[in-house]
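Inside the fold
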Amino acid sequence: AAFSFAVVRSLGSPPISPPFLSARLIADGPGYRYLKAHCGERRFTLCDYLDRMPKGSDILLWSEDPRDGIFSTVPDTVKRALGNEDKRFYLAVLRERPLEVLGSVARSTSAQAVQFDLDHFNYIPEHRAGAREHLPPGVFAWVERSAAYRGTVPVAPTIALTLIAAFASLAFLAASAASPARRLAWHSPSASAALLLLLAFLANIMICGALSTPHARYQMRIIWLLPLAAWAAARAGFVA
């Protein structure tokens, strides 16, 4: 809110918001089918780009190729229109196709919940090509020598330890919830902290998976909350 206020005060208009919700619905199907059924009524700016759909949400948002990208290929005035229509489009599709939208949310959330990777520590082919194309030659020469560019950053041990810690923490929390002392324990501040941390972790899965696009980095950057929640549960004396 402070950022938006500062932008309005400085530049006279609010920042442009990418249409994450629209891209998610189009990629999963309900949004695309809604547009095909209603674009004759010209309800949304997205109708001008129906020929570029359906594509993955990351392509619709960030591809600079006008054959398939939308948001990154249009003028700022159109970007702003797409952002302003984002929530209205989502609600329109939800009203007409509630089961399809809920199914999309469930699938995306499930996909996000099982992603445990550190893929962005090593460059994928698109990143290598982008670095070569966009970086100044001197900077690219340095990047090209990096372990990340060569794909040799040793992420496997960290991923393995993360999986062990995450599932051990979840098992401990489940055992804690089933403890005979749970009724008394839930009244303690430490128990409240454990519950809050667990809810934050679950909310992150739903928000990032269902409203954006499932990516492992969304999960891995907050996975440390699970051991912290287990530690708080232990402090509460859950396990008898």
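Quick caveat, the model's predicted, so the values are computed rather than measured.

This paragraph deals with the packing of helix 3 (residues 30-38) against helix 5 (residues 76-96). One can describe the packing of helix 3 onto helix 5 by two numbers: an axis separation of 10 Å at closest approach and a directional angle of 85°. By the angle between their axes, helix 3 is roughly perpendicular relative to helix 5. Contacts between helix 3 and helix 5 pair Pro30, Gly31, Tyr34, Leu35 and His38 from the former with Phe89, Ala92, Val93 and Glu96 from the latter.

Inspection of every chain in the model, using the stated rule, returns eight salt bridges. Salt-bridge contacts for arginine 97 lead to glutamate 96; the nearest nitrogen and oxygen are separated by 3.5 Å. Assessed through its relative accessible area of 17%, arginine 97 is described here as buried. In the salt-bridge network here, residues are joined through shared partners; they are Arg33, Glu96, Arg97 and Glu100.

Glancing now at the packing of aromatic side chains. With the rule as written, the count across this model stands at eight aromatic pairs. When the ring of phenylalanine 44 is compared with that of phenylalanine 89, the centres are 5.2 Å apart and the planes differ by 80°; the resulting orientation is edge-to-face. One end of the pair, phenylalanine 44, is in the loop between helix 3 and helix 4 (57-62); the other, phenylalanine 89, is in helix 5, with 45 residues separating them in the sequence. Site record: aromatic cluster; members linked through ring pairs are Phe20, Trp62 and Phe71. Over the face of the ring belonging to phenylalanine 71 we find lysine 79, whose NZ or CZ atom lies 5.7 Å from the ring centre.

The next thing to look at is the state of the cysteines. Counted according to the given criterion, the structure contains one disulfide. At a sulfur-sulfur separation of 2.1 Å, the disulfide partner of cysteine 39 is cysteine 47. The sign of the S-S torsion, about -90°, decides the handedness of the disulfide formed by cysteine 39 and cysteine 47: left-handed. What makes cysteine 39 buried here is its relative accessible area of 10%. Judged by relative accessible area, cysteine 47 falls into the buried class, the value being 9%.

How each quantity is defined
Residues numbered from 1 in each chain as written. Predicted model: local features only at pLDDT ≥ 70, side-chain atom pairs only at ≥ 80, totals over all residues. Heavy atoms only, no water. Axes fitted to C-alpha atoms, helices over the stretch in contact; angles between N-to-C directions. Helix = DSSP H or I, 4+ residues; strand = E, 2+ residues; numbered from the N terminus. Parallel < 35°, antiparallel > 145°, perpendicular 65-115°, else oblique. Contact = heavy atoms within 4.5 Å. Salt bridge = Lys/Arg side-chain N within 4 Å of Asp/Glu carboxyl O. Buried < 20%, exposed > 50% of the residue type's maximum accessible area, 1.4 Å probe, protein only. Phe/Tyr/Trp six-rings, centres within 6.5 Å; stacked < 30°, edge-to-face > 60°. Lys NZ or Arg CZ within 6 Å of the ring centre and 35° of its normal. Disulfide = S-S within 2.5 Å.

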